[in-house]
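The primary structure of each chain is shown beneath.
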Number of protein chains: 2
Amino acid sequence: MIQGGLLLLDGGPMRRNALPLDMIIQGDCIAAMNELPENSVDLVFADPPYNLQLGGDLFRPEGGRVDAVTDDWDKFDTFQTYDSFTAEWLKAARRILKDDGTLWVIGSYHNIFRVGAKLQDEGFWILNDIIWRKANPMPNFKGTRFTNAHETLIWASKSENARYRFNYKAMKAMNEELQMRSDWVLPICSGGERVKVDGVKAHPTQKPEALLYRILLASTEPGAVVLDPFFGTGTTGAVAKRLGRHYIGIDREPRYCRVAQDRIDGVLPLDESAMLTMQSKKAAPRVPFGALVENGLIQPGATLTDLGRRYRARVRADGSVQMDGHEGSIHQIGAAAQGAPSCNGWTFWHVDDGKSLICLDRLRDAYRSNLDA
Amino acid sequence: MIQGGLLLLDGGPMRRNALPLDMIIQGDCIAAMNELPENSVDLVFADPPYNLQLGGDLFRPEGGRVDAVTDDWDKFDTFQTYDSFTAEWLKAARRILKDDGTLWVIGSYHNIFRVGAKLQDEGFWILNDIIWRKANPMPNFKGTRFTNAHETLIWASKSENARYRFNYKAMKAMNEELQMRSDWVLPICSGGERVKVDGVKAHPTQKPEALLYRILLASTEPGAVVLDPFFGTGTTGAVAKRLGRHYIGIDREPRYCRVAQDRIDGVLPLDESAMLTMQSKKAAPRVPFGALVENGLIQPGATLTDLGRRYRARVRADGSVQMDGHEGSIHQIGAAAQGAPSCNGWTFWHVDDGKSLICLDRLRDAYRSNLDA
DNA sequence: GACTGAGCTGAATCTTACA
DNA sequence: ATGTAAGATTCAGCTCAGT
C-alpha cells in the first residue's frame, strides 16, 4: 500500500523484486529487505540500536537530568540476542547489495565490536574504520571515565576482491588537497538541523547531515541507490535527495516514517556550487601543556621560571605545576605568582637550559611542527 | 632460570605463585600468565598480534598447519583460530588481574572488533574505547581508501561493578583543565625513541612512550604492578619504570626480550616529587561540616548564603543548618533551597565576611592544611 | 540591530562510605 | 545484601531574553 510516497509493508501489495526508489517502507527491516531483489542496491547505511545498557537516571552537576535513550527499541536481553539480530540484518543487507556495493555501519563501544566481528563472519571485507570525533560531545558529568567523544563507523565491501567505489579525488578536494583521513571532526546534530515535533526532538539519536554527506560523496555516484534499514528521521534520505542519489528507507515506527517523509519532502536537490558550503573546517590544533611533558619535550621535575627569574615553579608528571605549596595549570600558577586575575602561562613561563631561558611558547611550536611532520 | 633480570620460562625454576616484579619472562604468554598467582596484577596492557594472513598457524593451540584451501574456508578458519587464541590470553589475563584492576588492549580494524567482542564475552566491562589519532600516519599510497590514521584501544574493568582506578584530576590537568576525551592526538614512534639494532628498527610495531605514559598515569598509582603479555621492545616496561610502577613483561622471542632488557636498564625513574599528580577530591580525608563549627572556623549562628545571595541559612551549634523552618545538613538544605535532587553544600554555601563571600570549600581546605601541619 | 549572559542540551553503560 | 547520607561533578554550541 503506497500512501503519498509511504509504502506500508504489512499486508500491502509491495511487489517482490521491484525496487521502491525514493520511498519509505514501514516495517521490520529484515523482512522488508528480504522482499527486495538481490544485488540491487549500491550502498547500505545502517545506524542500528546500540544496546546501551543504561542504569538509572543521571543528573548533571547543576541538577538537570540527562535525557537518555531509554526506548524499547534499544533494549536486548543478552549479547546473544543482540548478536543474532545483528547477523540477521547483516545477511539481509548483504543479499540486496550489489557485488561492488559497500556497507556503512555506525556504533559506539557498546555495540560496534560485536557488529564488526559479525560483519567479518558474514564475509564482509572491512575497508576502513572511521572515527567521528565529536566537536561538542556531552561531558562525563561524574568524572568517572574519559569523555566519550566519538563514535565509530565501519566501511566494508561485500568481499575481499570487490571493486567498490571510492571517490578519492572528491575526498581529497574536501580536505584542502590532503588525503582524507580515517578520523572526521564533525559537530553533533543540534540547532536548526535537529528535527522537532511540537518543540520536542523527534528522535533521540538523529545523526548530522554532514556525516551522511561525506559518506555518500565518498562512496557513491549520482543516481546510486542508497538503502537505510534504520531510517529514523530520514537523514540518509534527506542527504541522498540533496546529492542526487536515490534512497530507500525502512523503519519499524510509523511515527518516524511520517517525520522522515515530511522532512525529505522539504529538501531541494543541491546544485554543485552549494556543496562547498558543507566542507569541514580545519581546526587549529590546541596543545595542552601536558602533551609536552608526555612527549618528553619537558621532563617532570623540571623547573620553570619567568623572564625576570623572580618566580620558580616545578613541573609534575601530569602537566600541573607547583609553586610554594600551590598547584595547578601553568596559567593558574602564573596568575597566582603575579597576583593577577589571569595569565598566559605559555608566554610567562620559561625553561632554563643552563645558558638561556626558553619560552614555553617556543617548545609548543616545536611540538606542533612535530605533529605536522 | 634467571639471567640478569631475564626470566626464562621453559624449564626454568620460576616459582608458581611468586610475582616476578620488574622482570621479563621469555615464553608463551598464556602459559606464563597461568604460572602467576591469581588476583595479583593491577593493570594489563596488551598489544596482541593481528596479522591474520601470516600468523594464522601460530595461533593453533594443537599445532598442525592450515593447508592452502579455498579462500572462504581459509578465512573462516583463520578467524576461528584467532578468536580462540584471543579468548585464551584474555582468560589468562583475567585470572591474574586483581578484581579492581583494568585491561587495556590496542588494535586496528583487522582485529579490534574480534578482540572487543571476545572481551565482552569473557565478562570484561568496557569503560572506554580510546582512539589514538596519529599525528603523522602513513598515507594511503594507492588512493583506494581513507588514510588509516588511527588505532583503537579498549579500556575495560574486570566486571560491571568493579571499582577501577581512574585518575580524573591528573588527566584533566594534563589537558589544560578540560576533561580528557576519548580521542588522543599523539605522534607515532619515530626518531630517537625508535629502538634500533645495528641501525635497523628492532620491532615493526613499537608504540610511542607517550601513549603508555598517559595510560599508566590515568589508570594506575605509583607502585602498581603492570603486566604486558606482548612485551616487544618493552615500551610498557620503560614507561612503568620511569613512572615508579612495577612491570612484568612477557614475550615469546628471546631477541625482543634482550632488546627490551637493554632498553629498560637505561631508563631512570623520575624522582618522587616529579611523579606527583593532581589528586581528586575523592581521595582527600572526609571533613564533617560540624568540625569547622567545633573548631571555630565558623561561628554557630553564622549566616550562609549562595553566590547569588538568593538563599540564606543559619548555622547551628551541631553543624546542622536551618532555612525557612527546614533543618538538615549543608547538602540537604542546599538541595532543598534549589529544589534540586542533590547539592554539594561545600561549594554551594558561602560565608559573608562583610567584604566578600568565602566558599565553605575554602574553609575546608584551610582546616585540612591545618590538620597536616 | 548588535552584543551579552543565562539557560538548555547532546546515543551516558557516570559515586562512595558506612550502617 | 540493602538503604541512607555525604558529597563530587560539565563542554561546546545554540536559543532567547535583556540591554
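The residue numbering used here restarts from 1 in each chain and proceeds along that chain's sequence as written. Just so you know, chain letters begin at A and ligand numbers begin at 1, following the order they were written in. Note on the predicted model: pLDDT of at least 70 is required for a residue's local features to be given, and 80 or more for side-chain atom pairs to be given and counted; whole-chain, interface and lining totals, by contrast, use all residues. Note that water and hydrogens are dropped before the side-chain values are worked out from all heavy atoms of the structure.

Enquirer: Before we go on, may I ask you to explain the protein's contact with DNA strand D in this structure?
Expert: Residues and elements named next belong to chain B. Close contacts around DNA strand D come from 28 residues, with Y168, K172, Q179, H331 and R364 the closest. A breakdown of the atoms of DNA strand D within 4 Å of the protein gives sugar and phosphate a share of 65%. Measuring from a phosphate oxygen of DNA strand D, one finds a side-chain N or O atom of S329 at 3.3 Å. Within the residue set of the surface near DNA strand D, elements represented by two or more residues are helix 5 (168–174) and helix 11 (330–338). Note on residue categories: nonpolar means Ala, Val, Leu, Ile, Met, Phe, Trp, Tyr, Cys or Pro, charged means Asp, Glu, Lys or Arg, and polar means any other residue, Gly included. Class assignment for the residues of the surface near DNA strand D results in ten nonpolar, ten polar and eight charged. Whether a residue is near a molecule or strand is decided by its heavy atoms; if any one of them lies within 4 Å of it, the residue is near. Distance and chemistry together define a polar contact, namely a pair of N or O atoms within 3.5 Å, with one atom able to donate a hydrogen and the other to accept it when in protein, and with adjacent residues in sequence counting only for side-chain atoms on both sides. Only DSSP runs of H or I reaching four residues or more are called helices, and only runs of E reaching two or more are called strands; each is numbered from the N terminus.

Enquirer: Is there a simple way to explain the sheet that holds strand 16 (residues 326–328) of chain A in this structure?
Expert: The pairing of strands in a sheet happens through backbone hydrogen bonds and is either parallel or antiparallel. Residue and element names in this part refer to chain A. Think of it this way: DSSP has to see at least two bridges between two strands before they count as a pair. The six strands lie next to each other as 16-15-14-13-17-18, forming an open sheet whose pairing is antiparallel. Edge positions in the sheet fall to strand 16 and strand 18 (357–359), since each of these pairs with one other strand and no more. On average, each strand axis in the sheet is inclined to that of its neighbour by 35 degrees, with strand direction left out of account. In what follows, a contact means two residues having at least one pair of non-hydrogen atoms within 4.5 Å. Whenever a helix is involved, its axis is fitted only over the stretch in contact; in every case the axis is a line through C-alpha atoms, and angles between N-to-C directions fall within 0 to 180 degrees. Strands strand 13 (303–305), strand 14 (312–315), strand 15 (321–323) and strand 16 of the sheet are contacted by helix 10 (residues 330–338), whose axis makes an angle of about 145 degrees with strand 16.

Enquirer: Which parts of the structure should I look at to understand the pairing of strand 6 (residues 125–134) of chain B?
Expert: A regular strand places its side chains on the two faces of the sheet in alternate fashion. Residue and element names in this part refer to chain B. Among the ten residues of strand 6, nine are classified as buried, and the element is accordingly described as predominantly covered. Pairing analysis gives eight bridges linking strand 6 to strand 7 (residues 150–157), with the strands arranged antiparallel. Of the residues in strand 7, the one forming a bridge with I131 is T152. Relative to strand 8 (residues 183–186), strand 6 is paired through four bridges, and the arrangement is parallel. By the bridge assignment for strand 8, I131 is matched with D183. The classification of residues rests on relative accessible area computed with a 1.4 Å probe and restricted to protein chains. Under 20% of the type maximum is buried, over 50% is exposed, and intermediate values are partly exposed.

Enquirer: Explanation requested: the protein's contact with DNA strand C in the structure shown.
Expert: Residues and elements named next belong to chain A. Taken together, 41 residues sit near DNA strand C, with Q53, R60, Y109, K142 and R145 positioned nearest. Of all atoms in DNA strand C that approach within 4 Å of the protein, 45% are sugar or phosphate atoms. A per-class count over the surface near DNA strand C returns 19 nonpolar, eight polar and 14 charged.

Enquirer: How should the packing of aromatic side chains be read in this particular structure?
Expert: In this description, an aromatic ring pair is defined by two values, namely the gap between the centres and the angle between the planes. In summary, the pairing rule links any two rings of Phe, Tyr or Trp, Trp by its six-membered ring, whose centres are within 6.5 Å, and it sorts them by plane angle into stacked for under 30 degrees, edge-to-face for over 60 and tilted for everything else. Taken as a whole and assessed by the stated rule, the structure comprises 35 aromatic pairs over all chains. Seen in terms of ring centroids, W104 of chain A and W184 of chain A are 6.0 Å apart; in terms of plane orientation they differ by 45 degrees. Their pairing is tilted. Of this pair, W104 of chain A sits in strand 5 (residues 97–107) while W184 of chain A is found in strand 8 (residues 183–186), placing the two residues 80 residues apart along the sequence. Using a relative accessible area of 0% as the deciding quantity, one classes W104 of chain A as buried. The class of W184 of chain A is buried, set by a relative accessible area of 0%. Taken together, a centroid distance of 4.8 Å and an interplanar angle of 80 degrees make the contact between F348 of chain B and W349 of chain B edge-to-face. Residue F348 of chain B is classed as buried on the basis of its relative accessible area of 13%. The residue whose ring lies beneath R114 of chain B is F79 of chain B, and the NZ or CZ to ring-centre distance is 4.1 Å. Only when the NZ of Lys or the CZ of Arg is both within 6 Å of the ring centre and within 35 degrees of the ring normal is a charge said to sit over the ring.

Enquirer: Looking at this model, I keep getting lost on the pairing of strand 11 (residues 225–228) of chain B. Mind explaining?
Expert: All names here are of chain B. Residues V225 and L227 of strand 11 are buried on one face, and the alternating residues V226 and D228, pointing to the opposite face, are buried as well. As paired elements, strand 4 (residues 41–46) and strand 11 share two bridges and run parallel to each other. In the sheet register, V44 faces strand 11, and the bridge partner there is L227. Here strand 11 runs beside strand 12 (residues 246–251); their pairing, made up of four bridges, is parallel. Paired with L227 across the bridge in strand 12 is I248. Clockwise travel from the first strand over the helix to the second, with the strands pointing away from the viewer, marks a crossover as right-handed. The parallel pair strand 11 and strand 12, bridged by helix 7 (residues 235–242), forms a crossover whose chirality is right-handed.

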